Amino acid sequence: MQQTRRSVIKAGGALGLLAAFGTALLSPVRALAAWNKGAFEAKSTLDAMRALGVNNTEESKEIQIRAPDIAENGAVVPIDITSSIAGTSAILVFIEKNPFPYVGSFDVSQGAVPFVHLRVKMGETSPVRVVVTAGGKHYTSAKEVKVTIGGCGG
Amino acid sequence: MADPMKIRATLQGDVADVRVLMAHPMETGQRKQGDKLVPLHFIQTISAQLNGRTVFNADISQAISRNPVFAFKVKGAKAGDKISVTWTDNKGEKRSDETEVRAGS
């Protein structure tokens, strides 16, 4: 009886140690994933990309952007993005002529299909630019969306 | 406390098609009420878990429309699995909701 009790305590201690080690391992990943203020406050797509560490992009036909050609209401523009590039880990979206072009990043590296649907506000007619990160490289594609009524002011 | 999200997860093969509707004003900080600007108030991060394991993360800006809608697809899901979604906004508000993956038609 005594022995069983000891081994249970020992096992518990080891488990605690493992949990602590696990947290220590995970925290740097979390820090990297922090909301990138610099990129979100950049006023041009180029500056936002730089803040995100995207320097070289390669045009790719393997990124499908489904968005309306003409959006009557700039406050709600639906966009579907699918990447067929092998090893896609993240999808970044920029509305080039918005006051702050960087819309967001979608991390699909942990078990999601490289697809995302979102609805954005567009101030005026602008290209919707998508950057896909795959295997440390960046691929890009864009689609022009015409906006009849802007969705930023009001 | 913000209103609950509406989450729907439907199975297509072993991929769960997840659709989320969040209740949030998503203020851009540029809209005027009278002659005063309405301050920035928007969701910044979203994460989704499949049975407690993180499978999808997003960092977003105020350019996302009011009452945001997102859809994404999660691999390796089966009927009855739990999908939970959490968002946090720039004022530190937080909301989590969960649903079960349903078999597709």
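Scroll up for the structure.
This is a predicted model, so every value here is computed, not measured.

(A) Quick peek at unusual backbone geometry. Residues and elements named next belong to chain B. Positive phi outside glycine occurs at Asn51, with the angle close to 50°. When you line up the elements, Asn51 lands in the loop between strand S5 (43–50) and strand S6 (53–60). Positive phi is not limited to glycine here, since Asn67 has a value of about 45°. Structurally, Asn67 is set in the loop between S6 and strand S7 (69–75). For Asn67, a relative accessible area of 34% translates into the label partly exposed.

(B) Molecular detail of the pairing of strand S7 (residues 115–120) of chain A. All names here are of chain A. Burial within S7 is extensive, with 5 of its 6 residues counted as buried. Pairing of strand S4 (residues 77–83) with S7 involves 6 bridges; the strand directions are antiparallel. For Thr82, the partnering residue across the bridge sits in S7 and is Phe115.

(C) Spotlight on the interface of chain B and chain A. Counting residues at the interface gives 29 residues for chain B and 32 residues for chain A. Across the interface of chain B and chain A, roughly 2600 Å² is buried in total on both sides, 53% from carbon and sulfur atoms. For the pair chain B and chain A, the interface holds 0 salt bridges. Mapped onto the side of chain B that touches chain A, the elements with two or more residues apiece are S5, S6 and S7 of chain B. A breakdown of the residues in the side of chain B that touches chain A according to their chemical character gives 14 nonpolar, 9 polar and 6 charged. Two strands pair when backbone bridges link them, and strand S6 (residues 102–107) of chain A and S6 of chain B are joined in this way by 4 bridges, in the antiparallel orientation. Residue pairing across strands places Phe106 of chain A opposite Ala58 of chain B, the latter belonging to S6 of chain B.

(D) Spotlight on the environment of Asp80 of chain A. Residues and elements named next belong to chain A. Inspection of the secondary structure assignment puts Asp80 in strand S4. Once you skip the residues sitting within four places of it in the chain, Asp80 turns out to touch Gln64, Ile65, Arg66, Phe115, Val116 and His117. Among the polar contacts made by the side chain of Asp80, one reaches the side chain of His117 at a distance of 2.5 Å.

(E) Representation of the pattern of salt bridges within the structure. All names here are of chain A. All told, the structure shown has 9 salt bridges over all chains when counted by the stated rule. The partner of Lys37 in a salt bridge is Glu41, and the shortest N-O contact between them spans 3.2 Å. On the criterion of helical spacing, the pair formed by Lys37 and Glu41 is a turn pair, its members being 4 residues apart in helix H2 (residues 37–41). Of the residues examined, Lys37 reaches a relative accessible area of 51% and is grouped as exposed.

(F) Region of interest: the packing of aromatic side chains. According to the stated counting rule, one finds 7 aromatic pairs over all chains in the structure shown. Judged by centre distance (6.3 Å) and plane angle (25°), the ring pair of Phe106 of chain A and Phe56 of chain B falls under stacked. Here the residue Phe106 of chain A occupies a position in strand S6, and Phe56 of chain B occupies one in strand S6, the pair thus bridging two chains. Grouping residues by exposure puts Phe106 of chain A and Phe56 of chain B together as buried. The interplanar angle of 5° and the centroid separation of 4.1 Å between the aromatic rings of Phe56 of chain B and Phe72 of chain B together place this pair among those described as stacked. Residue Phe56 of chain B is located in strand S6, and its partner Phe72 of chain B is located in strand S7; the two are separated by 16 residues in the primary sequence. Owing to a relative accessible area of 1%, Phe56 of chain B belongs among the buried residues under this scheme. Taking the relative accessible area as the measure of exposure, Phe72 of chain B reaches 1% and is therefore buried. An aromatic cluster of at least three residues, connected via ring pairs, comprises Trp35, Phe40, Phe94 and Tyr102 of chain A together with Phe42 of chain B. The lysine or arginine in question, Lys73 of chain B, covers the ring of Phe115 of chain A, its NZ or CZ lying 4.5 Å from the ring centre.

Conventions adopted
- Residues numbered from 1 in each chain as written.
- Chains lettered and ligands numbered in written order.
- Predicted model: local features only at pLDDT ≥ 70, side-chain atom pairs only at ≥ 80, totals over all residues.
- Heavy atoms only, no water.
- Helix = DSSP H or I, 4+ residues; strand = E, 2+ residues; numbered from the N terminus.
- Buried < 20%, exposed > 50% of the residue type's maximum accessible area, 1.4 Å probe, protein only.
- Pairing = 2+ DSSP bridges.
- Contact = heavy atoms within 4.5 Å.
- Buried area = accessible area lost by both parts, 1.4 Å probe.
- Salt bridge = Lys/Arg side-chain N within 4 Å of Asp/Glu carboxyl O.
- Nonpolar A, V, L, I, M, F, W, Y, C, P; charged D, E, K, R; others polar.
- Polar contact = N/O pair within 3.5 Å; in protein donor to acceptor, adjacent residues only side chain to side chain.
- Phe/Tyr/Trp six-rings, centres within 6.5 Å; stacked < 30°, edge-to-face > 60°.
- Lys NZ or Arg CZ within 6 Å of the ring centre and 35° of its normal.

Taken by themselves, the reported measurements are silent on function.
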